[in-house]
Amino acid sequence: MKAGDMIQVTITGISHQGYGIGRCDNIVVFVPGAMLGETVEALVVEYKKKMATAQLQRLIAPSPERIDARCPQSSQCGGCELQHCSYAYQLQAKQKIVADAMQRLGRITTPVEPVIGMQTPWRYRNKGIFHADYSDGAVRLGFYEQGSHTFVPAADCQLFSEAMNGLVAHLEELIQNSGRAYYIHKVMIRESAYNGDMMVVFVTQEAAWRLPELAEQLIAYPGVVSVYHNINSNLKIMLGRQFRLLAGQETIEDTIGDFHFQISPQSFFQINNQQAHVLYEKVLEYAQLTGQEQVADIYCGIGTISLYLAQQAKAVIGIESIGQAVQDAKENARRNQDERCTFVAAKAEDWLPKWAKQGNQLDVAVIDPPRKGCETPVLDALITSGAKRIVYVSCNPSTLARDAKYLCQYGYEVNAVQPVDLFCQSWHVETVVLMSRKEK
């Protein structure tokens with residue numbers, strides 16, 4: 001087999017990226033866009049070490065779960081890889097992705113529960129980062145094809161509200177007429193599901209002297225209440241660390257369940273309010289709190305999970321290394337009139353061992369790390385903390401399985417695995433895992 005070969009393959013598995021997996025001449029072949037059970041004709045585009053990636057060319061035996069995508073650009077845009085799949089298939093595929101990761105990478109056989117999905121899995125995203133493109137002489141905002149820098153216009157994205165799509169179109173016109181369009185590399189938009197307020201962040205590589213004028217024009221647009229400038233000289237990352245308020249208010253307010261949150265431009269906030277509520281309710285259920293527990297919320301961000309846990313805990317300590325997020329968390333506790341939450345600006349691997357050495361006992365730990373998972377010192381700190389239960393929230397099944405395996409090697413066991421669909425139409429999936437310390 002070599003690049004350029006046309007092959008026929010039957011899809012018998014699915015990768016963690018949502019790619020169809022089959023075999024041809026005893027070689028594993030990954031076919032983006034192919035669904036479980038389908039037989040397809042595909043063009044080999046890469047081959048190495050007995051593995052190949054092939055481009056879908058023709059459906060020989062399509063799946064009955066294959067449907068027409070709502071967005072004509074879904075096959076190019078990197079954000080909606082599963083639009084051609086029925087929603088029932090998407091949920092089943094994500095359950096299999098999580099189960100495969102837990103078994104293959106974690107050697108964990110605890111059954112994975114069916115994925116909790118949305119009733120209407122569209123227009124749920126409250127945040128978007130749009131790349132600016134100037135290649136045809138007109139300003140366009142949009143995304144990149146997966147694994148490339150090929151631009152795809154946003155064009156009424158089905159994951160955002162009509163209000164946000166309208167703002168994107170307005171921004172294209174506003175930037176075009178600004179006279180300094182080429183300064184702007186990206187635009188981030190946050191929209192509150194609670195009241196519809198929107199925050200706009202212009203991202204540039206250097207100071208853009210016309211941005212204050214642009215901000216004053218934008219703040220007059222319906223719904224826009226906050227405009228920031230972010231300077232980012234490293235194009236390999238989405239946002240730089242420096243934010244400057246140009247117009248309007250410093251934060252926007254949003255809700256998850258009954259809780260109200262203040263959100264800064266750099267704050268982490270789940271992109272799907274409705275499913276975040278489902279997720280946090282599951283975290284609270286798995287924590288099994290009686291009102292007497294000391295709880296640590298590691299990677300607490302702006303305190304969203306901490307406030308949920310505080311409903312039924314004796315005390316919650318939120319640990320977060322980003323100082324601004326800790327300030328937001330403290331303000332969110334004040335807004336929600338909760339005095340059981342304490343927030344600490346520190347690295348968990350540094351703070352937890354010191355806290356335990358002072359004679360403190362941890363009953364429950366909740367961890368919600370970034371996609372890369374936990375660093376080993378964080379896991380070691382959890383192990384030595386004496387936590388009876390660990391509730392692990394993850395957006396990456398691979399690193400979740402890896403970390404769960406490590407914890408199982410040091411006295412814990414996996415009791416429950418519950419995926420929740422926060423990222424409908426994409427292969428991403430959020431998972432909540434309950435772990436408990438084995439009885440000696």
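Residues numbered from 1 in each chain as written. Predicted model: local features only at pLDDT ≥ 70, side-chain atom pairs only at ≥ 80, totals over all residues. Heavy atoms only, no water.

Looking now at helix α7 (residues 348-357). Regarding α7, the residues found buried are Ala348, Trp351, Leu352 and Trp355. Considered in projection along α7, the buried side chains sweep an arc of 95 degrees and stay on one side of the axis. Turned more than 90 degrees away from the buried face of α7 sit Lys354 and Lys357, all of them exposed. In this structure, the buried residues of α7 make contact with β15 (294-298), β16 (315-320), β17 (341-345) and α8 (376-385). Taken from the residues just after α7, glycine 359 is the one with a positive phi, measuring 90 degrees. (Buried < 20%, exposed > 50% of the residue type's maximum accessible area, 1.4 Å probe, protein only. Helix = DSSP H or I, 4+ residues; strand = E, 2+ residues; numbered from the N terminus. Arc of directions from axis to C-beta. Contact = heavy atoms within 4.5 Å.)

At a minimum axis separation of 8 Å, α7 and α8 run at an interaxial angle of 20 degrees. The pairing of α7 with α8 is recorded here as roughly parallel in orientation. In the packing of α7 onto α8, the handedness of the crossing is left-handed. Judged by residue contacts, Ala348, Glu349, Leu352, Pro353 and Ala356 of α7 engage Pro377, Val378, Ala381, Leu382, Thr384 and Ser385 from α8. (Axes fitted to C-alpha atoms, helices over the stretch in contact; angles between N-to-C directions. Parallel < 35°, antiparallel > 145°, perpendicular 65-115°, else oblique. Left-handed = near helix turned anticlockwise from the far one by under 90°.)

A few words on the packing of aromatic side chains. Both the distance between ring centres and the angle between the ring planes are used here to describe each pair of aromatic rings. Counted according to the given criterion, the structure contains 9 aromatic pairs. Taken together, a centroid distance of 5.4 Å and an interplanar angle of 45 degrees make the contact between phenylalanine 130 and phenylalanine 160 tilted. Placement of the pair is phenylalanine 130 in strand β6 (residues 127-133) and phenylalanine 160 in the loop between β8 (151-153) and α2 (162-176), with a sequence separation of 30 residues. Using a relative accessible area of 3% as the deciding quantity, one classes phenylalanine 160 as buried. Both rings, one in phenylalanine 259 and one in tyrosine 308, keep their centres 4.9 Å apart while their planes meet at 45 degrees; by these two values the pair is tilted. A residue pair is termed long-range when its members are at least 10 positions apart, and phenylalanine 259 in strand β14 (residues 259-263) and tyrosine 308 in helix α5 (residues 304-310) qualify at 49 residues. A network of ring pairs unites the aromatic residues Phe130, Phe143 and Phe160 as a single cluster. Above the plane of the ring of tryptophan 122 lies arginine 70, whose end atom (NZ or CZ) is 4.1 Å from the centre. (Phe/Tyr/Trp six-rings, centres within 6.5 Å; stacked < 30°, edge-to-face > 60°. Lys NZ or Arg CZ within 6 Å of the ring centre and 35° of its normal.)

It is worth spelling out the environment of alanine 193 at this point. On the secondary structure map, alanine 193 appears in the loop between β9 (184-191) and β10 (198-204). On a C-alpha basis, the gap between alanine 193 and arginine 104 in space is 38 Å, while along the polypeptide they are 89 residues apart. Ignoring anything within four residues of it in the chain, the contact list for alanine 193 reads Asp254 and Asn273.

This next bit is on the packing of α8 against helix α9 (residues 397-408). Each pair of packed helices can be summarised by the angle the axes make with each other and by the distance between the axes. Put simply, α8 and α9 touch, their axes get as near as 10 Å, and they point 40 degrees apart. Taken together, the axis directions place α8 and α9 in an arrangement best described as oblique. As for the relative orientation of α8 and α9, their crossing is right-handed in sense. Across the interface between the two elements, Thr376, Leu379, Asp380 and Ile383 of α8 pack against Asp403, Tyr406 and Leu407 of α9. Residue classes in the contact of α8 with α9 are distributed as 4 nonpolar, 1 polar and 2 charged. (Nonpolar A, V, L, I, M, F, W, Y, C, P; charged D, E, K, R; others polar.)

This brings us to the nonpolar core. One finds Phe130, Leu171, Val187, Ile189, Phe202, Leu218 and Leu309 to be the most contacted residues of the largest nonpolar core, which totals 90 residues. The contacts of phenylalanine 130, once residues within four sequence positions are left out, are Leu141, Gly142, Phe143, Ala154, Phe160, Met164, Val168, His185, Lys186, Val187 and Ile189. (Core = buried A, V, L, I, M, F, W, Y, C linked by side-chain atoms within 4.5 Å.)

Turning to helix α1 (residues 87-104), a few remarks are in order. With 18 residues, α1 should reach 26 Å at 1.5 Å per residue; the first-to-last C-alpha distance of 26 Å fits that figure. Along α1, the positions that sit buried rather than exposed are Tyr87, Tyr89, Gln90, Leu91, Ala93, Lys94, Ile97, Val98, Ala99, Ala101 and Met102. (Expected span 1.5 Å × (residues − 1).)

Turning next to the pattern of salt bridges. Overall, the coordinates contain 17 salt bridges when judged by the stated rule. Of the charged contacts in the structure, one is a salt bridge between lysine 94 and aspartate 421, with a shortest N-O distance of 2.6 Å. Taken together, the residues span a long stretch of sequence, with lysine 94 in helix α1 and aspartate 421 in the loop between β20 (412-420) and β21 (430-437) at a distance of 327 residues. Residue aspartate 421 is classed as buried on the basis of its relative accessible area, which comes to 0%. Put simply, Glu253, Glu331, Arg334 and Arg335 are held in one network by salt bridges that share partners. (Salt bridge = Lys/Arg side-chain N within 4 Å of Asp/Glu carboxyl O.)

This part is about the sheet that holds strand β12 (residues 242-248). Taken together, the 7 strands give an open sheet; going across it, the order is β8-β7-β6-β9-β10-β11-β12, and neighbouring strands pair in mixed fashion. Both outer strands of the open sheet, β8 and β12, are each paired with one neighbouring strand and no more. Ignoring which end each strand starts from, the neighbouring axes of this sheet average 35 degrees apart. Strand direction decides the pairing type here: β9 and β10, joined by 7 bridges, are antiparallel. Residue pairing for β10: glutamate 191 is matched across the bridge by methionine 198. Its contacts with the sheet place helix α3 (residues 211-218) against β9, β10, β11 (224-231) and β12, and it is angled at close to 45 degrees to β12. (Pairing = 2+ DSSP bridges.)

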